[in-house]
Amino acid sequence: MQSVTVKTHANISLIKYWGKRDEVLFLPTKSSLCIALSELTTTTSITQAAGDQDEISINWQVTTEISHKKIIDFLTLFRTLYGIKQFFAITTHNNFPTAAGLASSSSGFAALALALNAFSKLNLSEKELSILARQGSGSASRSVCGGFITWHRGENELGTDSYAEQTFDAQHWPEFRVLVIVVRNDAKKVSSREGMRITTSTSPSYQTWLTNSAQRMPLIVEAIRNKNLHEVGELAEADWAEMQQTMLDSQPQLDYWTPTSRDVMQAIKTLRSAGIPCYFTTEAGPNVKLICLENNVQTIIKTLREIDGVLDIIACKVAQAPIVTEK
Ligand code: 2P0
């Protein structure tokens with residue numbers, strides 16, 4: 001029987017996505033920029049279903065009914081968009097905790113989009129795949145690419161110009177590293193989707209962030225082009241801090257961090273004061289992501305491992321493009 005297997009990478013944004021201007025089409029309020037992470041992967045296989053309904057097997061570490069429904073909705077959308085009648089049998093597996101702020105939906109829906117495209121022999125372009133993946137989860141639009149990736153906000157309201165593309169490839173900056181500091185493995189209480197809805201409709205600082213963040217986009221691209229870690233780190237932390245402010249001044253307030261998250265962020269600042277260049281960001285969750293260069297990885301890991309509540313530290317390089325295998 002024909003089968004397709006796809007391996008994608010989760011991504012971590014340095015200039016953030018937090019808010020939609022169209023919830024049905026997943027159109028963001030602003031552009032964002034991220035890195036694909038070599039060690040955080042989703043592997044998804046697809047074959048034809050035996051009967052007349054989709055069969056889904058999620059071997060994720062935390063499986064929720066919501067994630068199951070999101071996949072079914074995405075398959076239904078795919079059939080509608082491309083006039084396909086077939087039902088699918090899908091097995092999908094993450095090598096990292098799901099729905100805990102490690103961007104599982106980014107690699108998850110990107111893998112699904114790539115697998116459906118290959119299985120149905122549609123030959124969609126990378127741009128079309130990004131637009132498709134976006135409609136499963138916004139951040140998934142970025143995981144169809146490898147390297148350093150920009151997701152363009154787009155201007156039209158049909159979503160045809162809101163897609164991600166590679167800005168620099170995975171080899172551009174070989175010494176660049178991301179450390180994923182895991183402080184909790186369980187699913188978060190307020191989903192990103194719901195959190196964004198609350199923030200965009202209630203945060204008084206939201207518009208200011210949109211304006212400032214848009215100005216950071218060209219600056220961070222230049223900083224990455226020049227391999228200037230200090231600039232990249234300062235811009236990423238500034239964008240994170242303003243995003244965090246929009247969450248904290250939302251009604252109800254959104255606070256995704258644990259005491260350990262805060263201890264880790266403080267330790268990163270202390271390391272920096274001691275002359276070790278490292279910077280942090282987070283998603284909508286308690287786990288912290290640190291950016292640094294290869295030569296400081298061991299020192300940083302040794303320091304952060306001593307913090308109470310740190311469960312794991314995963315050292316990532318910038319990932320290559322997804323891999324699609326057909327049988
Ligand atoms: C980001 N996050 O840029 C930001 C920063 C969380 C904080 O992308 O509703 O899971 O499925 O489009 O893609 C999380 O958003 O949300 C996210 P939906 P998604 O990485």
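One can find the structure itself at the top, above this paragraph.
As a starting point, this report considers the structure included with it. Values in this document were obtained by computation on a predicted structure and should not be read as measured data. (Residues numbered from 1 in each chain as written. Predicted model: local features only at pLDDT ≥ 70, side-chain atom pairs only at ≥ 80, totals over all residues. Heavy atoms only, no water.)

## Notes on the nonpolar core
What counts, and what does not: In this description, a nonpolar core means a group of buried Ala, Val, Leu, Ile, Met, Phe, Trp, Tyr and Cys residues linked to one another through side-chain atoms lying within 4.5 Å. Categorising residues by exposure relies on relative accessible area from a 1.4 Å probe, with only protein chains included: less than 20% of the type maximum marks a residue as buried, more than 50% marks it as exposed, and the intermediate range marks it as partly exposed. The start and end points of each domain follow an automatic or database-based domain assignment. Contact definition: two residues touch when any of their heavy atoms are within 4.5 Å.
One finds Trp18, Phe88, Ile181, Ile268, Leu290, Ile300 and Leu304 to be the most contacted residues of the largest nonpolar core, which totals 70 residues. The residue makeup of this core includes at least three contributed by each of domain 1 (4-173) and domain 2 (176-316). Setting aside anything within four residues of it in sequence, one finds Ile300 in contact with Leu179, Leu271, Ile276, Cys278, Leu290 and Cys292. In this structure, Ala10, Ile12, Trp173 and Val180 belong to the second largest nonpolar core, which totals 31 residues.

## As for the site of the ligand
The test is simple: Proximity is defined per residue: any heavy atom of the residue falling within 4 Å of a molecule or strand makes that residue near it. Whenever two N or O atoms come within 3.5 Å, that pair is a polar contact, provided that in protein one can donate a hydrogen and the other can accept it, and provided that, for residues adjacent in sequence, both atoms are side-chain atoms. The Shrake-Rupley method, run with a 1.4 Å probe sphere, supplies the accessible areas, and residue values consider only the shown protein chains as cover. Each helix is a run of DSSP H or I of at least 4 residues and each strand a run of E of at least 2, with the numbering of both proceeding from the N terminus. Under the scheme applied, nonpolar residues are Ala, Val, Leu, Ile, Met, Phe, Trp, Tyr, Cys and Pro; charged residues are Asp, Glu, Lys and Arg; polar residues are all the others, including Gly.
With respect to spatial proximity, 17 residues lie near the ligand, and among them Tyr17, Lys20, Ser137, Ser139 and Glu283 are the closest. Lys20 is positioned such that a nitrogen or oxygen atom in its side chain is 2.6 Å from an oxygen atom of the ligand. The fraction of the free accessible surface of the ligand (480 Å²) that becomes covered by protein chains is 95%. In terms of residues, the shell around the ligand owes the most to one element, helix H4 (residues 192-202), which gives 3 residues. In terms of residue class, the shell around the ligand is made up of 6 nonpolar, 6 polar and 5 charged. When we break the shell around the ligand down by domain, the ones giving at least three residues each are domain 1 (4-173) and domain 2 (176-316).

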